[in-house]
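These are the residues of each chain, in order.
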Amino acid sequence: EAHLNEALDVAQARFDKVIWVPGNHEVWTEAGTSSVEKYERMVAIAKARDVLTPESEFVAWPEDPNLFLAPMFLLYDYSFRPEYVAREDALAWAEEAGLICKDEYVIRPSPYAGISEWCHARVEATAKRLARLPEGSRTVLINHFPLREEHAVLPAIPRFKIWCGTKLTEDWHSRFRANVVVSGHLHVRTTRMRDGVRFEEVSLGYPRQWTEGRAVDSYLREILPGLEKAA
């Protein structure tokens, strides 16, 4: 939690408004503690600093009252896997390739039975909130994890994708009228188009993943007005 305050100190000194969208690392906990409760504590820290979180009301982009910024926290449910792999075999399927995510040891989703159940509760609640946006409005969907399996591309460790999202959000870019979808979990910076919607993977990543000699500021990605206005 101290790291969150430190990061927000830096971000709020540089930007007019900060949006905090957590991922898996933010809810890692020690034995005997709940990741759900930690998430709630971190939301409270951000809220006290006037930072937008997945629990905030969706706010309109200042230049367009019909375009809403939607920070989300949706997690994953192991559904990014081949059809021939059953849910109960997903972890074993990844382990065949020598993969196991640390989340399995340090995310403790109590009172939910598991990460999948927590994910499904988050997806259901967030979908209801998005559905209440004004008719005809547009969105910028902001989630740590990619919304579509086809975007969970990790060439060196392809089976890691089971920890990368949920198929429950595959149609959200069209269902909730997105102009742009923003994610960052993969540490693979990309811009993709699907059904006329721009998908931006905006990871800064670790220092070893940066290009030597390239300034950090150069990694900032313009989401709005973005390509539509430029075109």
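Here is a short report on the structure shown in this document.

Criteria and cut-off values
Residues numbered from 1 in each chain as written. Predicted model: local features only at pLDDT ≥ 70, side-chain atom pairs only at ≥ 80, totals over all residues. Heavy atoms only, no water. Helix = DSSP H or I, 4+ residues; strand = E, 2+ residues; numbered from the N terminus. Expected span 1.5 Å × (residues − 1). Buried < 20%, exposed > 50% of the residue type's maximum accessible area, 1.4 Å probe, protein only. Arc of directions from axis to C-beta. Contact = heavy atoms within 4.5 Å. Phe/Tyr/Trp six-rings, centres within 6.5 Å; stacked < 30°, edge-to-face > 60°. Lys NZ or Arg CZ within 6 Å of the ring centre and 35° of its normal. 1 Å grid on protein atoms, 1.4 Å probe; cavity = no way out; pocket = protein on both sides within 12 Å on 5 of 7 lines; lining within 4 Å. Points joined across faces, edges and corners; volume = space filled by probe spheres on them. Pairing = 2+ DSSP bridges. Axes fitted to C-alpha atoms, helices over the stretch in contact; angles between N-to-C directions.

### Thoughts on helix α1 (residues 2-14)
Working step 1: Helix length check: α1 (13 residues) gives 19 Å between terminal C-alpha atoms against 18 Å at 1.5 Å per residue, within 8%.
Working step 2: Looking only at α1, the buried set comprises L4, L8 and A11. Seen along its axis, α1 keeps its buried residues to an arc of 70°; they face one direction. Opposite the buried face of α1, by more than 90 degrees, sit the exposed residues A2, H3, E6, V10, A13 and R14.
Working step 3: For α1, the secondary structure elements touched by its buried residues are α2 (35-48).

### Concerning unusual backbone geometry
Working step 1: In this model, S110 is joined to P111 through a cis peptide bond whose omega is 15°.
Working step 2: You can see P111 is positioned in the loop between α4 (103-106) and α5 (115-131).
Working step 3: For the peptide bond that leads from L224 to P225, omega is -5°, which places it in the cis range.
Working step 4: Assignment of secondary structure puts P225 in the loop between β6 (197-201) and α7 (226-230).
Working step 5: Of note in this structure, R177 is not a glycine but carries a positive phi near 55°.

### Overview of the packing of aromatic side chains
Working step 1: Inspection of the entire model under this criterion finds nine aromatic pairs.
Working step 2: With 5.6 Å between their ring centres and 80° between their planes, F73 and W118 make a pair best called edge-to-face. On the criterion of sequence distance, the pair formed by F73 in the loop between β2 (64-72) and α3 (90-95) and W118 in helix α5 is long-range, its members being 45 residues apart. Like F73, the residue W118 is buried in the burial classification.
Working step 3: Summarising the aromatic geometry, the rings of Y76 and Y78 are spaced 5.6 Å apart at their centres and angled 85° between planes, so their arrangement reads as edge-to-face.
Working step 4: We classify Y78 as buried; its relative accessible area is 3%.
Working step 5: A connected cluster of aromatic rings, assembled from ring pairs, spans W20, Y39, F73, Y112 and W118.
Working step 6: Of note, R129 hangs over the ring of F58, and the distance from its end group to the ring centre comes to 4.2 Å.
Working step 7: Seen from the ring of Y219, R214 lies directly overhead, with NZ or CZ sitting 4.0 Å from the centre.

### A word on empty space enclosed by the protein
Working step 1: This model, assessed by the stated rule, comprises one cavity of 30 Å³ or more.
Working step 2: Within this model, the largest cavity holds a volume of roughly 80 Å³.
Working step 3: Forming the boundary of the largest cavity are P146, L147, H151, V181, S183, L186, T190, R192, F199, E200 and E201.
Working step 4: Those elements that place two or more of their residues in the lining of the largest cavity are β4 (178-183), β5 (190-194) and β6.

### Notes on the pairing of strand β3 (residues 138-143)
Working step 1: For β3, the tally of buried residues reaches five of six residues, placing the bulk of the element in the interior.
Working step 2: With six bridges connecting them, β2 and β3 associate as parallel partners. Bridging across to β3, L67 finds its partner in R138.
Working step 3: Two elements, β3 and β4, share four bridges in a ladder whose sense is parallel. If you follow V140 over to β4, its bridge partner there is V180.

### Points about the sheet that holds β6
Working step 1: What the six strands build is an open sheet, ordered β1-β2-β3-β4-β6-β5; its pairing is mixed. Of all the strands in the sheet, just β1 (59-61) and β5 have a single pairing partner and so form its edges. Between one strand axis and the next, the sheet turns through 25° on average, direction left out of account.
Working step 2: Pairing of β5 with β6, which is carried by five bridges, proceeds in the antiparallel orientation. Considered in β6, the bridge of M193 is made with R198.

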